[in-house]
Amino acid sequence: MEQKFLQYKSDVLLVEIACLLSIFVLSSYILVIGNLASEVVYIASGVAIVVIFLIVFLLALKAFLDKRRKPRPPQHLNRFYKFMLVLSLFFAFIYFIFLRFLSFRDNQVGCTFQCNNGNASILINNVAPTNGECAKGLQYVHIELIFECVLLMLLSVCVFLSLLALEKLLITILLCAVGLSALWLLPFPDLANRQFNLWLDQQDLDFRINRSLIVQLQEYCSQYSSANDLRIFFTFLVFFALVLIAVESRRSEMIARYDFIWKLHALREIADIRRMHDQNRKMLENILPAHVAAHFLTAEPKTRSELYCEDRNNTCVIFATLTEFNKFYLEMDANNDGMECLRLLNEIIGDFDTLLNHPEFGCIEKIKTISTTFMAASGLNGEVVGNSHVVAVAKFAIALLNKLEHINEHSFNHFKLRIGINVGPVVAGVIGTEKPHYDIWGNTVNVASRMDSSGIPGRIQVTEETKQILEQEGFEFECRGEVNVKGKGLMTTYLMKVPSGSQEFMDDLF
Ligand SMILES: Nc1ncnc2c1ncn2[C@@H]1O[C@H](COP(=O)(O)OP(=O)(O)OP(=O)(O)O)[C@@H](O)[C@H]1O
């Protein structure tokens, strides 16, 4: 989990670096317009900017290559780059602090002074001038800008980089330690001049005009106390920044962690929703034929409640009834109030259902079971190739007979299957919105049902039209003669001869 969190947000690294870079360039610009940049500072900031640009370029190149290459390389590499960046900023910081003051020694920047026990002594580059007063006067520079820029960089390191609070604190302490030691250990002549000039600003014009520089300095040094020393002011500023960064880093880490946890939750929820959607789709495909399920899954929500129906001109309907089951079903204590009988019926119907999974019967759709009658039909999706859907139903009927025989052998029962098949047009549709049910209607269905109800247990009874189609496909029939079909009158029906090799056919199937 922690590892995952550490890798989190690594995608925004380029943005973080861009923010840092802009702060760095801006602070360098402040030094230039503050007239604080010496040659060395120009070189130092130039080198630092080149280094940072190089890092940004390498990162952009890496991000570009990562996008093209799969799988993605480990994310912890980004953290390594981040540390490299912080390190380069750290060096830039040292450049700004140290080189600025080293450059002061090398270049003539004017006069400075020291306060010793209330007495002022003028110095040129830390050496007392031999000819008395300093000719150039005291330089008025905004040396505090350096510290302010450094503080800006310090804050940007800790605000923009998504490092851990402890890592940020360590970097900040390191930077502050370097800054404070530079402040207190280096002579800082510019800072002393700045203090004097600030003090001078507060005096009236007469005082400034009528007194020599050394007298003014003497006056300043006599009033000097460590309480108004700019070094103490900057030290407070640095400590304030340290506390601010510590608090802010902790706060942003907490927010990042909460954010991460929420994101994980959201991702898990999305995965759950997707899984549920898949389950619903599978369930819908179990309840409805695939092409009907597809219609409901893709239909606009408001059109889902509208009636779905379709005319199918060329279908084949089969009814298969388990004839001996009613005698077998008895509610008594021995079979747990009929529960065992239902269990067996469930197993038989389950076996019939599994037969439909075979690719050969892919075009057959189970419609429902009515008590002990299994009802199915083929050609409902409208994609009929010749008479293949009728042949599939005929083969399915034979498979059902064989399957039941197999079940009888293993359960020591004598169930019989009475099957009726008919071909013709039907109307198919989905009834109900809350509990949708796919069904078929029409004379073809009624006659198929009658073929079953007026049939002979263990035999497949078909109509004249069905027989004609199947005969062309190599199936054999015997004429049963005229049968009085309820509502239809006398009908000539045919009984299919189950091919002798049907057991091998079954073996081929399973
Ligand atoms: N979609 C269907 N699902 C189940 N059975 C059906 C379906 N359509 C028709 N049948 C069955 O077909 C048989 C014949 O229907 P038909 O409408 O010709 O007669 P009926 O007057 O309803 O007969 P019965 O009085 O025997 O129910 C009926 O037993 C009916 O249950």
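Cut-off values and rules
Residues numbered from 1 in each chain as written. Predicted model: local features only at pLDDT ≥ 70, side-chain atom pairs only at ≥ 80, totals over all residues. Heavy atoms only, no water. Disulfide = S-S within 2.5 Å. Helix = DSSP H or I, 4+ residues; strand = E, 2+ residues; numbered from the N terminus. Buried < 20%, exposed > 50% of the residue type's maximum accessible area, 1.4 Å probe, protein only. Pairing = 2+ DSSP bridges. Near = heavy atom within 4 Å. Polar contact = N/O pair within 3.5 Å; in protein donor to acceptor, adjacent residues only side chain to side chain. Areas by Shrake-Rupley, 256 points an atom, 1.4 Å probe, with all protein chains shown as cover. Nonpolar A, V, L, I, M, F, W, Y, C, P; charged D, E, K, R; others polar. Core = buried A, V, L, I, M, F, W, Y, C linked by side-chain atoms within 4.5 Å. Contact = heavy atoms within 4.5 Å. Salt bridge = Lys/Arg side-chain N within 4 Å of Asp/Glu carboxyl O. Expected span 1.5 Å × (residues − 1). Axes fitted to C-alpha atoms, helices over the stretch in contact; angles between N-to-C directions. Left-handed = near helix turned anticlockwise from the far one by under 90°. Parallel < 35°, antiparallel > 145°, perpendicular 65-115°, else oblique.

### With respect to the state of the cysteines
- Here the structure, examined in full by the defined rule, presents one disulfide.
- A sulfur-sulfur separation of 2.1 Å characterises the disulfide bridge that pairs Cys115 with Cys221. On the sign convention where negative means left-handed, the S-S torsion of about -75 degrees between Cys115 and Cys221 marks this disulfide as left-handed. Placement of Cys115 in strand E1 (residues 111–116) and of Cys221 in helix H9 (residues 213–223) is noted, with a sequence separation of 106 residues between them.
- What makes Cys115 partly exposed here is its relative accessible area of 25%.
- According to the relative accessible area criterion, Cys221 is buried, its value standing at 3%.
- Cys316 takes part in no disulfide bond, and the closest cysteine sulfur, belonging to Cys363, lies 9.0 Å away.

### Some details on the pairing of strand E9 (residues 476–485)
- The pairing of E9 with strand E10 (residues 489–497) spans nine bridges and is antiparallel. Note on E10: the bridge partner recorded for Gly481 is Thr493.
- Between E9 and the antiparallel strand that follows it, E10, lie three residues; Gly487 among them carries a positive phi value of about 85 degrees.

### Quick notes on the site of the ligand
- In the region of the ligand, the neighbouring residues are Phe319, Lys368, Ile370, Met375, Asp439, Ile440, Val445, Asn446, Ser449, Arg450 and Lys486.
- Asp439 is positioned with one of its side-chain polar atoms (N or O) 3.0 Å from a nitrogen atom of the ligand.
- Isolated, the ligand exposes 590 Å² of accessible area, and the fraction of that covered by the protein chains is 56%.
- In terms of residue count, the dominant contributor to the shell around the ligand is helix H15 (residues 443–453) (four residues).
- The class makeup of the residues in the shell around the ligand is five nonpolar, two polar and four charged.

### A look at the nonpolar core
- Ranked by size, the top nonpolar core spans 43 residues in total, and within it Ile318, Phe396, Leu400, Leu417, Ile419, Ile421 and Ile460 carry the most contacts.
- Those elements giving two or more residues to this core turn out to be strand E3 (308–322), helix H13 (339–355), strand E5 (373–378), helix H14 (388–411), strand E6 (417–431), strand E8 (460–462), helix H16 (464–472) and E10.
- Considering every element that reaches this core, the biggest residue donor is H14, with 13 residues.
- When residues no more than four places from it in sequence are discounted, the contact partners of Ile460 are Ala397, Ile398, Leu401, Ile419, Ile421, Tyr494, Leu495 and Met496.

### Side note on the pattern of salt bridges
- All told, the structure shown has twelve salt bridges when counted by the stated rule.
- Where Arg251 meets Glu248, a salt bridge forms, and the shortest distance between an N and an O atom there is 3.3 Å. Within this pair, Arg251 and its partner Glu248 are both found in helix H10 (residues 230–287), separated by three residues, close to a single helical turn.
- We classify Arg251 as partly exposed; its relative accessible area is 47%.

### Quick notes on unusual backbone geometry
- Residue Ser371 is not a glycine yet carries a positive backbone phi of 55 degrees.
- Tracing the backbone shows Ser371 in the loop between strand E4 (364–370) and E5.
- Positive phi, close to 50 degrees, is recorded for Phe412, a residue that is not glycine.
- Considering the arrangement of structural elements, one finds Phe412 in the loop between H14 and E6.

### Topic: H14
- Taking 1.5 Å per residue, 24 residues should reach 34 Å; H14 reaches 34 Å between its end C-alpha atoms and fits that length.
- Here H14 lies mainly inside the structure; 17 of its 24 residues are buried.

### Quick word on the packing of H13 against H14
- Viewed as axis vectors pointing N to C, H13 and H14 meet at an angle of 145 degrees, and their least axial separation amounts to 10 Å. Here H13 runs over H14; the crossing is right-handed. Only Phe396, Ala399, Leu400, Lys403, Leu404, Ile407 and Ser411 of H14 make contact with H13, whose side of the interface consists of Leu344, Ile348, Asp351, Phe352 and Leu355.
- Across the contact of H13 with H14, the residue classes break down as nine nonpolar, one polar and two charged.

### Thoughts on the packing of helix H6 (residues 165–185) against H10
- Look at H6 against H10: their axes get within 9 Å of each other, and the N-to-C directions meet at 175 degrees. Considering the angle they form, H6 stands roughly antiparallel to H10.
- Along the lines of polarity and charge, the residues of the contact of H6 with H10 split into 15 nonpolar, four polar and four charged.

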